[in-house]
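Descriptive structure summary
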Amino acid sequence: MSLTITPLQNIPLIRQDDNLADILVDSLHASGAQLENYDILVIAQKIISKSEGRMVDITTVTPSSQAIELAQKADKDPRVVELMLQESNEVVRVRVGTIIVEHKLGFVCANAGIDHSNVAGSGNENQEFVLLLPEDPDQSARNIREQIKQKTGKDIGVMIIDSHGRAWRNGTVGICIGLSGLPALIDERGWKDLFGYTLKITVVGVADELAAAASLMMGQAAEGKPAVLVRGFPYPLREGSLQEIIRPKSQDMFR
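Structural notes, computed from the coordinates. None of the values given here were measured: they were computed from a predicted structure. Within each chain, residues carry numbers counting from 1 in the order of the written sequence. Thresholds applied to this predicted model are a pLDDT of at least 70 for local features of residues and 80 or more for the giving and counting of side-chain atom pairs; totals over whole chains, interfaces and linings are not thresholded and use all residues. Hydrogens and water molecules were not included; the side-chain quantities draw on all heavy atoms of the structure.

1. Overview of the overall build of the protein
- Each helix corresponds to a stretch of at least 4 residues labelled H or I by DSSP, and each strand to a stretch of at least 2 residues labelled E; elements are numbered beginning at the N terminus. Tallying secondary structure elements over the protein gives 6 helices and 12 strands in all.
- Computation of the radius of gyration draws on C-alpha atoms, with the globule rule given as 2.2 Å multiplied by the number of residues to the power 0.38. The C-alpha radius of gyration of the protein comes to 19 Å, within 12% of the 18 Å expected for a compact globule of 255 residues.
- Judged by the C-alpha coordinates and their principal axes, the protein covers about 55 × 45 × 25 Å.
- Throughout, exposure labels follow a simple rule: accessible area from a 1.4 Å probe, protein chains only, divided by the maximum for the residue type, with under 20% read as buried, over 50% as exposed, and the rest as partly exposed. Residues classed as buried in the protein amount to 44% of the 255 residues present.

See below:
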């Protein structure tokens, strides 16, 4: 068995209300790829957020006193910090350059996932846009999956990924923030190893593993490859959700 990850070609700059399912099907044809059952499309968060209108002009944001205080500690724009607070359940850590929060979606991340890179505005020099994460990435993935099935007849998985840092290690990696039609975790407890030992604690974060691999092919700067086709995923597809991955706060040893 082999796993192949193929970047899709000719995906245009995405704007609000663009139909991503149509664009992805057109891109598959342009890439010479024939979609098959059990394939997986991995999609960068940015194009999901752009199509769903999650761009915010920060010149329209009025920061609260809490945002102003945090911005001073972190040396950040208080208007962006205000958006971080609005997108978060709680602030976990603050240092110069970074604010770590528990996002409304449940995971812990830097700056509430708010991004300024690869975000073009309207051309008005008086506007300055940032991009928020999708409001419900699982639902976004489900919608695209269902539309693609209607258009192609193929039963596939769809995953939305973003780049996050990790505790104790430098560098960002691709992680899953939403999915439909594939598992987030594979529970191998009870499986036998090569020597007959029964695994007792092994639960594999397969969605994050695939997200990291897909992110290698997408790039982070000007590559312009926000979606990839994955074939040969080594586990059965099933319905999954982001909540499988989120560790409950009561079990989080680092907060």
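2. Re the sheet that holds strand 2 (residues 40-44)
- If DSSP finds at least two bridges between two strands, the strands pair. In spatial order, the strands read 1-12-2-8-9; together these 5 strands make up an open sheet with mixed pairing. The open sheet has two edge strands, strand 1 (4-7) and strand 9 (169-180), and neither has a second partner. Pairs of neighbouring strands in the sheet enclose a mean axial angle of 30°, with direction left out of account.
- Relative to strand 12 (residues 227-231), strand 1 is paired through 4 bridges, and the arrangement is antiparallel. Orientation is described by lines fitted to C-alpha atoms, with helices fitted over the stretch in contact, and by angles between N-to-C directions that extend from 0 to 180 degrees.

3. So, the environment of Ile47
- Among the structural elements, Ile47 can be located in helix 2 (residues 45-51).
- Distance in space between the C-alpha atoms of Ile47 and Val119 is 10.0 Å, their sequence separation being 72 residues.
- The residues touching Ile47, leaving out its near neighbours within four places in the chain, are Ile14, Leu20 and Pro226. Pairs of residues are marked as contacts when any of their non-hydrogen atoms sit within 4.5 Å.

4. Some thoughts on the nonpolar core
- Residue types Ala, Val, Leu, Ile, Met, Phe, Trp, Tyr and Cys, when buried and joined through side-chain atoms within 4.5 Å, form a set referred to as a nonpolar core. With 31 residues, the main nonpolar core has Leu8, Leu24, Leu41, Phe107, Ile144 and Ile148 as its most contacted residues.
- Counting residues per element, the ones that place at least two in this core are helix 1 (20-30), strand 2, helix 2, helix 5 (137-152), strand 8 (157-166), strand 9 and strand 12.
- In terms of residues, this core owes the most to one element, helix 1, which gives 6 residues.
- Setting aside chain neighbours within four positions, we find Leu24 in contact with Leu8, Ile11, Leu41, Ile43, Ile144, Ile148 and Ala227.

5. Observations concerning a nonpolar patch on the surface
- Patch definition: residues above 30% relative accessible area lacking any salt bridge, with like charges linked at up to 9 Å and the nonpolar side chains Val, Leu, Ile, Met, Phe, Trp and Tyr linked at up to 5 Å. Areas reported here follow the Shrake-Rupley algorithm with a probe of radius 1.4 Å; residue values treat only the protein chains shown as occluding. Within this document, salt bridges are pairs made up of a side-chain nitrogen of Lys or Arg and a carboxyl oxygen of Asp or Glu, the two lying within 4 Å of each other. A contiguous nonpolar patch, built from Trp168, Met253 and Phe254 and spanning about 500 Å² of accessible area, is present on the exposed surface.
- In this structure, Met253 sits in the segment after strand 12.
- Given the relative accessible area of 75%, Met253 is considered exposed.

6. Digging into unusual backbone geometry
- The phi angle at Asp17 is positive, at roughly 75°, despite the residue not being glycine.
- Following the sequence through the fold, Asp17 ends up in the loop between strand 1 and helix 1.
- The exposed category is assigned to Asp17, whose relative accessible area is 65%.
- Positive phi, close to 55°, is recorded for Asp75, a residue that is not glycine.

7. A closer look at the pattern of salt bridges
- Using the criterion set out here, one finds 14 salt bridges in the structure.
- Note that Arg231 and Asp39 form a salt bridge whose closest N and O atoms lie 2.6 Å from each other. With Arg231 in strand 12 and Asp39 in the loop between helix 1 and strand 2, this pair connects stretches of sequence that are 192 residues apart.
- Overall, the relative accessible area of 27% leaves Arg231 in the partly exposed class.

8. Notes on the sheet that holds strand 4 (residues 88-95)
- If you trace the 3 strands from one edge of the open sheet to the other, you get 4-5-6, paired in antiparallel fashion. On the outer flanks of this sheet lie strand 4 and strand 6 (108-110), each paired with one strand and no other. With strand direction ignored, the average angle separating the axes of adjacent strands in the sheet is 25°.
- In the sheet, strand 5 (residues 98-103) pairs with strand 6 via 3 bridges, with the strands oriented antiparallel.

9. As for the packing of helix 3 (residues 65-74) against helix 4 (residues 78-86)
- The interhelical angle for the contact between helix 3 and helix 4, taken along N-to-C directions, is 115°, at an axis separation of 8 Å. In this structure, helix 3 crosses over helix 4, and the sense of that crossing is right-handed. Each of Gln66, Ala67, Ile68, Leu70 and Ala71 in helix 3 lies in contact with helix 4, whose residues at this interface are Pro78, Val81, Glu82 and Leu85.
- In this count, Pro and Cys sit with the nonpolar residues alongside Ala, Val, Leu, Ile, Met, Phe, Trp and Tyr, while Asp, Glu, Lys and Arg are called charged and the others, Gly among them, polar. Taken together, the residues of the contact of helix 3 with helix 4 break down into 7 nonpolar, 1 polar and 1 charged. Less than a right angle of anticlockwise turn of the near helix away from the far helix marks a crossing as left-handed, whereas a clockwise turn marks it as right-handed.

Read these as layout, nothing more, since geometry by itself doesn't imply function.
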